[in-house]
Amino acid sequence: MRDYIYGYFGISVEGRRSSKPALLDRLQSISGLILALFIVGHIFFTSSILLGKDAMYAETKLFEGTAFLDKPQPIVVSFAVLIIFSIFILHAALAMRKFPVRYREYRVLYTHAATLSHLETKLWIVQALSGFLMFFLASVHLYLMLTIPDKIGPYASSDRIYSDRMWILYALLMIMVIVHAMVGLYRLYLKWGIASDPNPRRSRKVLKMVMITAILLLSVLGYSALATYMRIGYEHRESYGERYLPGNGIVKGDME
């Protein structure tokens, strides 16, 4: 047990430093990058509802494999979600290595952040808190997409958001994932890219503006889409369970 604990934190029993923390750090950065890029793409994909029900329906069928299968297969969505879910759990496990676990460590972190007023320290705290909340909120969403991939579409998604009251979870999750992802990309560049920059001070300032702008734009896009799903769900509340078909057609009980 002692060998395992020492090795996990990068110290061998003989006191020599280990390369394991560096490897775990790279895995955390790579998994975080994949998830952050996925979040950006996911917000754009779900925002297709802003272009109309037909656009969202067509996109749903595309993700169900219509580009290479004879007919849509929702299991394709489940498989993709399983991959993302696995990366999500891996990233969370790696990130937890750096969480303070004792009261004294929390006090040191709090004193450091309050005394120095260092932006990067505050951003780390924001990421830690948002990541902790996301572990619960995002897990619910990913589990639903994993187990009911056939219930994704203009009406099915809107019914879930409005009639099933899932808008509460998505409203909280939206800001968490956007902030966590954009702050994460900002900190990733600081960690791995700014060392080779000829003017790191100027780059840091530009990066802050890009990060803030991205958070604002993605939030407007994401919450606009959420409001649209809620409006459709409200209008469709009397026909809960009916599925959308192109051309304003609906069919009850069939898969989309």
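Here, every reference points to the structure presented above.
None of the values given here were measured: they were computed from a predicted structure.

Asks: Whenever I open this one, the packing of aromatic side chains confuses me. Can you help?
Replies: Describing an aromatic ring pair means giving the distance of the ring centres and the angle of the ring planes. Inspection of the entire model under this criterion finds eight aromatic pairs. When the ring of F45 is compared with that of F63, the centres are 5.0 Å apart and the planes differ by 65°; the resulting orientation is edge-to-face. Separated by 18 residues along the polypeptide, F45 in helix α2 (residues 20-46) and F63 in helix α3 (residues 53-66) bring together distant segments of the chain. By relative accessible area, F45 is classed as partly exposed at 39%. Given the relative accessible area of 40%, F63 is considered partly exposed. An angle of 20° between the planes, with centres 6.2 Å apart, marks the rings of F88 and F135 as stacked. Taken together, the positions of F88 in helix α4 (residues 75-95) and F135 in helix α6 (residues 119-147) put the pair 47 residues apart, joining distant regions of the chain. Relative accessible area serves as the criterion here: at 9%, F88 is assigned to the buried category. Given the relative accessible area of 37%, F135 is considered partly exposed. A connected cluster of aromatic rings, assembled from ring pairs, spans F85, F88, F132, F135 and F136. Positioned above the aromatic ring of Y162 is the side chain of R165, whose terminal nitrogen or guanidinium carbon lies 6.0 Å from the ring centre.

Asks: For this particular structure, what's the right way to read the nonpolar core?
Replies: One broad trend across soluble globular proteins is that nonpolar side chains are buried collectively. Grouped together as the largest cluster of nonpolar side chains are 45 residues, with contacts concentrated most on F88, Y170, L173, I178, M182 and M211. Ranked by residue count, the leading element in this core is helix α8 (residues 167-192), at twelve residues. Among all residues touching I178, those that are not within four sequence positions of it are I43, I215, L218 and S219.

Asks: What should I look at first to understand the environment of L123 in this one?
Replies: Relative to the elements of secondary structure, L123 occurs in helix α6. Between the C-alpha atoms of L123 and G184, which are 61 residues apart in sequence, the distance is 8.8 Å. Those residues in contact with L123 that sit more than four places away from it in its chain are V183, Y186, R187 and M211.

About the thresholds
- Residues numbered from 1 in each chain as written.
- Predicted model: local features only at pLDDT ≥ 70, side-chain atom pairs only at ≥ 80, totals over all residues.
- Heavy atoms only, no water.
- Phe/Tyr/Trp six-rings, centres within 6.5 Å; stacked < 30°, edge-to-face > 60°.
- Helix = DSSP H or I, 4+ residues; strand = E, 2+ residues; numbered from the N terminus.
- Buried < 20%, exposed > 50% of the residue type's maximum accessible area, 1.4 Å probe, protein only.
- Lys NZ or Arg CZ within 6 Å of the ring centre and 35° of its normal.
- Core = buried A, V, L, I, M, F, W, Y, C linked by side-chain atoms within 4.5 Å.
- Contact = heavy atoms within 4.5 Å.

Distances and angles like these do not, on their own, reveal function.
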